[in-house]
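Each chain is listed here by its residues.
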Amino acid sequence: MDCSKYRQLALEQDTTALPRGLVAAMNEHACSCAPCQGYVAQLREIEQGLKCITSVKAPADFTRSLIKCLPTTERFSNSWLPWRAVGVAAIMLLFFGFPTYILVEHPQPFVESTDARAAVHIVGQSVIVPEDVVVSGDLRVYHASLRVLGRVDGNIYLISSEHTLGEQGRVQGQVVRQTHLPWDKFVFGFRNISQELRSYLRGAWR
Amino acid sequence: MDLVEKSLVSRAKQRDIHAFAELVELYKDRMVSFLFRMTGNREDAYDLAQDVFLKVYSNFHAFDSNMRFSPWLYRIAQNLAIDFLRRKKKIVYLDEPLSGDDDRVWQLESSDPLPEEVAEFKDLEGALERALLQLNPLYRMVLVLRFVEDLSYEEIANILSVPSTTVKTRLHRAREALRQLLVEQGYYEESQGGKRYGLQ
């Protein structure tokens, strides 16, 4: 075994894991090579020296002064997420809740039909189906006084509404009266807002 | 990680200042000692140790409670130490393979001992301290973690994010490099039966 091989193997932390034959060759080399003995002894001494090296301690007021330096404002962590969600919900409620409340308390006339092309008019608190108009489907009227002067080929649903039939007015289906449940009022409010918004945007686009 | 430490870490993660202070008390000496060995200067070691704990505090949300705390702490410390040495001295090329003798020695601003320091270097501890500071920081780090901080190969591998075999190789070379420096200082004679020489 040459010196470089011996020195490399001798520095293994656990020489017992080496094959028996190799350990025997190492012992043989160590007995006959004084420089290698010295080399390994030096390295072992270095290891021991490092283990005994004087440690440096932190100053007595280290922790106290560190705590004073801790940042007061913290970054968002995962635990902040629910609070952020609550914040967003509160803002949404402010933005939409108030107009909805107004519309629920002071409802505006609103009409919807399964016939998308039906040209009904809303005038003040009245919804009018003009004489020459045919609504090919159901008509749902909210918070209005419905005047049918033309023809409705379907049912009419009156939600918190009244209706009158003109001389030429015809209704093929039934007239059903319904009342608003509290929750429906809010749904209606939201729907009304979106309709207002759509018509506003359409006006702005033109 | 024992139960007490685990509980402290868990509470400190929830921004419990008292638990955090207890953790600092537990590790402050080890951190200062490690950073002193890396920088060679007490004041720098104190400042860096403070930075380490501040970084721990601000990044606690990113720490996985199922992992051991001390390797994470040492990893932060070694990163800050390397950054500090980069800023203060020359550039340390972390990606460069550590082989041969070229990167063995870390140049100090003045490597000549002052007259009053000579007496100190006559003992092994003084000689080792001086030689350590001349080593490449990456060699210095594995030596300090293994022999001064008494960490296992696996723990060092975890801290340095390298395989255990790399730690063993690096440690082997670091010991040899340190011995060479002690030979150059005149503390050892080159492999002649291990006879010890003092300076001059």
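Residues numbered from 1 in each chain as written. Chains lettered and ligands numbered in written order. Predicted model: local features only at pLDDT ≥ 70, side-chain atom pairs only at ≥ 80, totals over all residues.

(A) Focus on the overall build of chain A. Each helix and strand in chain A was counted, giving 6 helices and 11 strands. In chain A, which comprises 206 residues, the share counted as buried stands at 17%. Taking all contacts inside chain A whose residues are at least 6 apart in sequence as the whole, residues at least 24 apart take part in 27%. (Helix = DSSP H or I, 4+ residues; strand = E, 2+ residues; numbered from the N terminus. Buried ≥ 20, exposed ≤ 12 C-beta atoms within 10 Å, placed from the backbone. Contact = placed C-beta atoms within 7 Å.)

(B) The arrangement of the sheet that holds strand S9 (residues 162-165) of chain A in detail. Residues and elements named next belong to chain A. Across the sheet, which stays open at both edges, the 4 strands sit in the order S2-S3-S6-S9 with mixed pairing between neighbours. If you trace the sheet from one side to the other, it starts and ends with strand S2 (121-123) and S9, each paired once. Averaged over neighbouring strand pairs, the angle between their axes works out to 20° when direction is ignored. Sheet analysis places strand S3 (residues 126-129) next to strand S6 (residues 145-148), joined by 4 bridges and oriented parallel. Opposite isoleucine 128, over in S6, you have arginine 147 as the bridge partner. (Pairing = 2+ DSSP bridges. Axes fitted to C-alpha atoms, helices over the stretch in contact; angles between N-to-C directions.)

(C) Geometry of the packing of helix H2 (residues 17-39) of chain B against helix H4 (residues 69-88) of chain B. All names here are of chain B. As a packed pair, H2 and H4 sit with axes 10 Å apart at the nearest point and diverge in direction by 30°. Between H2 and H4, the crossing angle belongs to the class labelled roughly parallel. Considering only the axes of H2 and H4, their crossing is right-handed. Judged by residue contacts, Tyr27, Met31, Phe34, Leu35, Met38 and Thr39 of H2 engage Leu73, Ala77, Ala81 and Phe84 from H4. The residue makeup of the contact of H2 with H4, split by class, is 9 nonpolar, 1 polar and no charged. (Parallel < 35°, antiparallel > 145°, perpendicular 65-115°, else oblique. Left-handed = near helix turned anticlockwise from the far one by under 90°. Nonpolar A, V, L, I, M, F, W, Y, C, P; charged D, E, K, R; others polar.)

(D) Region of the structure containing the interface of chain A and chain B. Counting residues at the interface gives 32 residues for chain A, matched by 37 residues for chain B. Secondary structure elements with two or more residues in the side of chain A that touches chain B: helix H3 (34-51) and helix H4 (62-69) of chain A. Counting residues per element, the side of chain A that touches chain B draws most heavily on H3 of chain A, which supplies 13 residues. Partitioned by chemical class, the residues of the side of chain A that touches chain B number 18 nonpolar, 9 polar and 5 charged.

(E) Region of interest: the nonpolar core. Core analysis: the largest hydrophobic core is formed by 58 residues, its most contacted members being Leu35, Ala49, Val52, Ala77, Val142, Leu143 and Leu178 of chain B. Split by domain, this core shows at least three residues from each of two domains, domain 1 (3-88) and domain 2 (94-200) of chain B. Core analysis: the second largest hydrophobic core is formed by 17 residues, Val120, Val129, Tyr142 and Ala144 of chain A among them. (Core = buried A, V, L, I, M, F, W, Y, C linked by C-beta atoms within 7 Å. Domains from an automatic or database assignment.)

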